[in-house]
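Residue-level structure breakdown
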Amino acid sequence: MAPLVLRTVAETAAWVDSLRRSGRRLALVPTMGFLHEGHVSLMREGRRRADVVAASIFVNPTQFGPKEDLSRYPRDLEGDLAKCASAGVEAVFAPVPAEVYPPGYQTYVDVEQVSQGLCGARRPGHFRGVATVVTKLLCLFKPQLALFGEKDYQQLQVIRALERDLNLGVEIIGMPTVREADGLAMSSRNAYLSPEDRQRALALSRGLAAAQALCRSGTRETPALVAAVRRELEAAGLREDYVELVDATSLTPLPAVSPGQTARLLVAAFVGSTRLIDNQPIGG
Ligand code: PAF
C-alpha cells in the first residue's frame, strides 16, 4: 500500500499521537531519499522489530558545507515512495526545508567528541547538522527505535551519543553496510559516478578487504594496515581524504589492533569530484 505522505510537522505530530494511542511500536528510518537497497534493509528490519515503520525523506541543508553537493544531491520522491511501499513503510515525512527550519530557527545540537575527527574534521559543521535534524526527527516521531546504516559509521556513533546524552529513550540500531555484488558500498552518491569511476571506486572496499586479510594473517600495526588501503587507492588513482584505524566506539586513533579487540578501519576518498566513504570492522 502507498505510504501516507506527511508534509508538515503538525500533520506528523497528529499521526504520531494517534499511533501512540493505539499502543503500536514505531520504528523510524531517517533518510535523505534516493533510496537504495541499504535503506530498504533498514525499513525491513524496522518492520521485523516494530509494529509500524515510518521514514523521513529530507535532504537536510544544515549538514552540507557551502561548497558541497546540496543543490545537485539526487532526488526521486516518486521512486522513493514506491520503494517505501514495497518495504511496508506506513508513513513518510517529506517536508520542505522551511518546515524543518522556519524563519527564526536557532537551535542546534553539537556532539562534541565523536564528531571531531575523520569526516568531522574534513566537513566542518556536518555532524552538527546531522545531530540537529536527527534530534528533531526523534523528538517529533518519538519512535521506540530508529535504524541507521553502518556505512556512515561516524554518524552512527554521533547519533548514539546524542540519544544517550539527551535521554531520548530511543533504541538506536546500526545495520551492516549493504554492498553491490562487486563490493561497492551502496550510497546515493554512487549515482554521480561514470562507468569508469564506478570501477575505480572499488578501490575503497578492496583496500579495506586487503587490510582485513593482512590483520588476519597477524599484521596488527596501524601503519601497515593503512598502507594496504592506500596502495589500492593509489593504484586506482583516487585522492585520499583519510584512512584511519580507530577504536570502534570512541573513534580515537589506535596505534595497532590489540589481540581480542575489534577496531574500525575507515576510508574516505575522492573519485573524481565525488567523495565516497567506507569502513569495516577489523581484528577481533
Ligand atoms: O544518513 C543520512 O541519510 C542522513 O545523514 C540522515 C541521518 C538522514 C540525516 O539527515
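Residues numbered from 1 in each chain as written. Predicted model: local features only at pLDDT ≥ 70, side-chain atom pairs only at ≥ 80, totals over all residues. Heavy atoms only, no water.

Re the UniProt feature "binding site: beta-alanine" (unreviewed entry) in the protein
- Here, UniProt's "binding site: beta-alanine" (unreviewed entry) annotation points to Q63.
- Structurally, the position occupied by Q63 is in the loop between strand 3 (52-57) and helix 3 (77-86).
- Looking at Q63, the relative accessible area reads 9%, which means it is buried.
- Ignoring sequence-local partners within four residues, the contact set of Q63 consists of M32, E68, R123, H126, G129, V130 and V133. (UniProt positions renumbered as here; feature names shortened; annotations may be inferred. Helix = DSSP H or I, 4+ residues; strand = E, 2+ residues; numbered from the N terminus. Buried < 20%, exposed > 50% of the residue type's maximum accessible area, 1.4 Å probe, protein only. Contact = heavy atoms within 4.5 Å.)

Overview of the site of the ligand
- As a matter of local geometry, the ligand sits amid P30, T31, M32, N60, Q63, V133, V134 and Q155.
- In the environment of the ligand, an oxygen atom lies 2.6 Å from a nitrogen or oxygen atom belonging to the side chain of Q63.
- When isolated, the ligand has an accessible area of 280 Å², and the protein chains bury 88% of it.
- Sorting the residues of the shell around the ligand by element identifies strand 2 (26-31) and helix 6 (126-141) as the ones contributing at least two each.
- Taken together, the residues that form the shell around the ligand break down as 4 nonpolar, 4 polar and no charged. (Near = heavy atom within 4 Å. Polar contact = N/O pair within 3.5 Å; in protein donor to acceptor, adjacent residues only side chain to side chain. Areas by Shrake-Rupley, 256 points an atom, 1.4 Å probe, with all protein chains shown as cover. Nonpolar A, V, L, I, M, F, W, Y, C, P; charged D, E, K, R; others polar.)

Side note on the packing of helix 6 against helix 7 (residues 153-165)
- Their axes nearest at 10 Å, the elements helix 6 and helix 7 cross at an angle of 50°. One element, helix 6, and the other, helix 7, form an angle in the oblique class. You can see that helix 6 and helix 7 cross each other, and the crossing is right-handed. On the side of helix 6, the interface is formed by F127, V130, A131, V134, T135 and L138, while helix 7 contributes Q154, Q155, V158, I159 and L162.
- Per-class residue counts for the contact of helix 6 with helix 7 are 8 nonpolar, 3 polar and no charged. (Axes fitted to C-alpha atoms, helices over the stretch in contact; angles between N-to-C directions. Parallel < 35°, antiparallel > 145°, perpendicular 65-115°, else oblique. Left-handed = near helix turned anticlockwise from the far one by under 90°.)

Some remarks on the sheet that holds strand 6 (residues 171-175)
- One open sheet accounts for 6 strands, arranged 1-4-3-2-5-6; its pairing is parallel. Two strands close off the open sheet at either side, each with one partner strand: strand 1 (4-6) and strand 6. Averaged over all pairs of adjacent strands, the angle between their axes in this sheet comes to 25°, without regard to strand direction.
- The pairing of strand 2 with strand 5 (residues 145-149) spans 2 bridges and is parallel. Within strand 5, the position partnered with L28 by the bridge is A146.
- Along the sheet, helix 2 (residues 37-49) makes contact with strand 2, strand 3, strand 5 and strand 6, crossing strand 5 at roughly 155°.
- Lying over the sheet, helix 3 contacts strand 1, strand 3 and strand 4 (91-93), oriented at roughly 165° with respect to strand 3. (Pairing = 2+ DSSP bridges.)

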